[in-house]
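Working through the structure, step by step
Single-letter residue listing:
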Amino acid sequence: ENLLNLGGGGSRVHFRVARFIMEASVKLGMRSIPIATACTIYRKFFCETSLDACDPYLIAMFSIYLAGKVEEQHLQTRDIINVSNKYFNPSGEPLELDSRFRELRDSIVQCQLLMLRVLRFQVSFQHPHKYLLHYLVSLKNWLNRHSWQRTPVAVTAWALLRDSYHRGLCLRFQDQHIAVAVLYLALQVYGVEVPAEVEAEKPWWQIYTTDTEIP
């Protein structure tokens, strides 16, 4: 039985579940990389499996748990269940340690082998975050201080990167391409021009997508 009544198409369901992963993960104190990994695990699982085969919110809960293990920010199953219950029932009481709680706990545990088998134990991912950080540092050095301080380019780029995980772009495009795309969009939003772009042989975004290697 699904934790929620999921109406609408699959893309809308996945969007809502990704939002749940992000909000629940923040309440659990997870950092940005483990949250990104949780979203990626969830998306990759449903690239291999029909939406009808499993409760997406249960898969999401285990994705959070597994991401914590992969990224060395371990979480207790009990905490994930309590935060998820509060998300679904904001005015409700915390779950008692009764049969319902044990059922959820056991379901998450049973998800482990299924998900690892479907994912072929490939649960470690590279993310665009290190590229975006590198690009932002470079951009800050290029722009004059006034241009940088008066426009929240960095904040907007990070927000766009976070939002990209609602749509599973991480599985469709290369990390550095996503980082460049969100930075380019942030610059366009505020009308910020990169100095010397006109004189350069290649636009700045093409230099980044072809020449950048970050260990």
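Residues numbered from 1 in each chain as written. Predicted model: local features only at pLDDT ≥ 70, side-chain atom pairs only at ≥ 80, totals over all residues. Heavy atoms only, no water.

The name that an unreviewed UniProt entry assigns to the chain is Cyclin-Q, with the source organism given as Gorilla gorilla gorilla. The annotation that UniProt attaches to the chain under Function (unreviewed entry) is "Activating cyclin for the cyclin-associated kinase CDK10." In UniProt, the chain has this text filed under Sequence similarities (unreviewed entry): "Belongs to the cyclin family. Cyclin-like FAM58 subfamily." (UniProt positions renumbered as here; feature names shortened; annotations may be inferred.)

Focus: the pattern of salt bridges
Applying the stated criterion to the full structure yields three salt bridges. One salt bridge connects E48 with R120, and the closest N-O pair in it is separated by 3.3 Å. Here the residue E48 occupies a position in helix α2 (residues 32-48), and R120 occupies one in the loop between α5 (99-118) and α6 (129-142), the gap between them amounting to 72 residues. For E48, a relative accessible area of 44% puts it in the partly exposed group. Assessed through its relative accessible area of 48%, R120 is described here as partly exposed. R105 is the partner of D106 in a salt bridge, and the nearest nitrogen-oxygen pair spans 3.5 Å. (Salt bridge = Lys/Arg side-chain N within 4 Å of Asp/Glu carboxyl O. Helix = DSSP H or I, 4+ residues; strand = E, 2+ residues; numbered from the N terminus. Buried < 20%, exposed > 50% of the residue type's maximum accessible area, 1.4 Å probe, protein only.)

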